[in-house]
Amino acid sequence: MEREFGVKISYSKARRGKLHALNMLHAFGASIRGYIQYLRSVICVDGSHLKGPYKGTLLVATAQDGNKQIYPLAWGIVDAKTNKSWKWFLSNLKDLIGDSKELVFISDRKKSIQKAISQLFPSSRHGCCIWHMEKNLIQRYNNASLLFLFKRAATTFQVEDFERLMGQIRRVSERAHGYLERAGYSFGSRALFIEHRYNIMTNNYAESLNSMFRKARSLSITCLVEHIRSTMQKWFYERRANAEECSTLLTPRMENELRTTFENGTRLRAHVLTNNLTQVGISNDTDIVDLSEETCTSREFQLNHMPCVHASRAACFRGKTLYELCSRYYSSDYWKGAYSETIYPVPKEVDWVVPVPSANSS
Ligand SMILES: [Zn+2]
């Protein structure tokens, strides 16, 4: 600065200035286009602190591919997890993916994220991350029966079950119940969440992404960004190769899930009710499947967009193939589509002015 502009500034000020200049969002065209065409519109957002000399926070938005693997969409590096930085990050994301009724966000529902999402994506829905809430409950209350009830309430598909369990939570701890209500737990639970969330209950995918980059978090920002880019490039290459080899109709993980569901379904009894309705189960434990509407009274079928045990049994009973009842997002064709493009290295690197990492960051 002194040589070029004749301005004297302290070393730390120069470094802070560099951080501001590096506030940037990285989204890869290949993953944004893959997401828009081939993935469920469920996006997890999270942030984690950087450990390098520049401090700051790494914000990530991730989706999930049909094989239940993390699919990163956008990365941003900001000063801190403030209202302003979430708004900046999410408004950039909005320019790329738009807002829609089908869009679901999953986060720890901290005020700053919540505010930015409701302002920028008014049509979307916003669920809480079950994994984050569990972590908070352990920290605040550390009560085994409370955790047990919480987990059951979080995963039930039935509204009555959910309400009964919440009542029990209240009896165990009025304060914990109040905390869950304030954090929007019921709003984000499986039973009260309507459609489109599929089976994605937590954003610990975003969180595990952060842990994968734990070491890289102490790199200088430019090195971190290049590390992320090269990791994405590798993932896209490897997964494209796996998807191209896949010979089943569904992705390997969903094919396995469907097989298990089918096997468990064969133990159940099925009876015809009407042209569309099939009763599945024994005596006082029965569910009713509607194959034309693709629903089951257990609600698992319509929420996951994959047959539950009852739907599987009903389909076999009626001579329908199970694949007809699975969302296209779980198909191996969509899986291939999501990774069809390549993530390239940054072009013409010789033309780039890359800041040299300072001595104490290496
Ligand atoms: Zn069912």
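Note that the structure is a prediction, hence the values are computed from the model and not measured.

Participant: I'd like a description of the coordination of the zinc ion, backed by residues and values.
Facilitator: Distances from the zinc ion to its protein donors, namely Cys296 (SG), Ser298 (OG), Cys308 (SG) and His310 (ND1), fall within the range 2.1 to 2.3 Å. Taken together, the four donor atoms coordinating the zinc ion and their angles of 92 to 117 degrees define a geometry best described as tetrahedral.

Participant: Run through the packing of aromatic side chains, naming residues and quoting values.
Facilitator: Tallied over the entire structure, the rule returns eight aromatic pairs. Here the aromatic rings of Tyr38 and Tyr334 are separated by 5.3 Å at their centres, their planes lie at 90 degrees, and the arrangement is edge-to-face. In this pair, Tyr38 sits in helix α3 (residues 29-38) while Tyr334 sits in helix α16 (residues 332-338), placing the two residues 296 residues apart along the sequence. Ring geometry for Tyr141 versus Tyr179: centroids 6.4 Å apart, planes at 55 degrees, classification tilted. Remark: Tyr179 occurs in helix α9 (residues 174-182) and Tyr141 occurs in the loop between α6 (130-140) and α7 (144-155); sequence separation between them is 38 residues. Neither residue differs from the other here; Tyr141 and Tyr179 are each classed as buried. Clustering of aromatic rings is evident, with ring pairs tying together Tyr38, Tyr329 and Tyr334. Over the face of the ring belonging to Trp235 we find Arg239, whose NZ or CZ atom lies 4.7 Å from the ring centre. The ring of Tyr329 carries Arg328 above its face, with NZ or CZ at 4.8 Å from the centroid.

Participant: Could you give an account of unusual backbone geometry, with specific residues and numbers?
Facilitator: A positive phi angle, close to 70 degrees, is found at Arg299, a residue other than glycine. Positionally, Arg299 belongs in the loop between β10 (295-296) and α14 (300-304). One non-glycine residue, His305, adopts positive backbone phi at about 60 degrees. Structurally, His305 is set in the loop between α14 and α15 (309-317).

Participant: So what's going on with the pattern of salt bridges? Residues and values would help.
Facilitator: If you walk through the whole model with that rule in mind, you get eight salt bridges. Between Arg33 and Glu341 there is a salt bridge whose closest N-O contact spans 2.7 Å. Placement of Arg33 in helix α3 and of Glu341 in the segment after α16 is noted, with a sequence separation of 308 residues between them. Given a relative accessible area of 28%, Glu341 falls into the partly exposed group.

Conventions and cut-offs
Residues numbered from 1 in each chain as written. Predicted model: local features only at pLDDT ≥ 70, side-chain atom pairs only at ≥ 80, totals over all residues. Heavy atoms only, no water. Donors = N, O, S within 2.8 Å, 3.2 Å for Na, K, Ca; no water. Tetrahedral: all angles 85-135°; square planar, octahedral: opposite > 155°, others 65-115°. Phe/Tyr/Trp six-rings, centres within 6.5 Å; stacked < 30°, edge-to-face > 60°. Helix = DSSP H or I, 4+ residues; strand = E, 2+ residues; numbered from the N terminus. Buried < 20%, exposed > 50% of the residue type's maximum accessible area, 1.4 Å probe, protein only. Lys NZ or Arg CZ within 6 Å of the ring centre and 35° of its normal. Salt bridge = Lys/Arg side-chain N within 4 Å of Asp/Glu carboxyl O.

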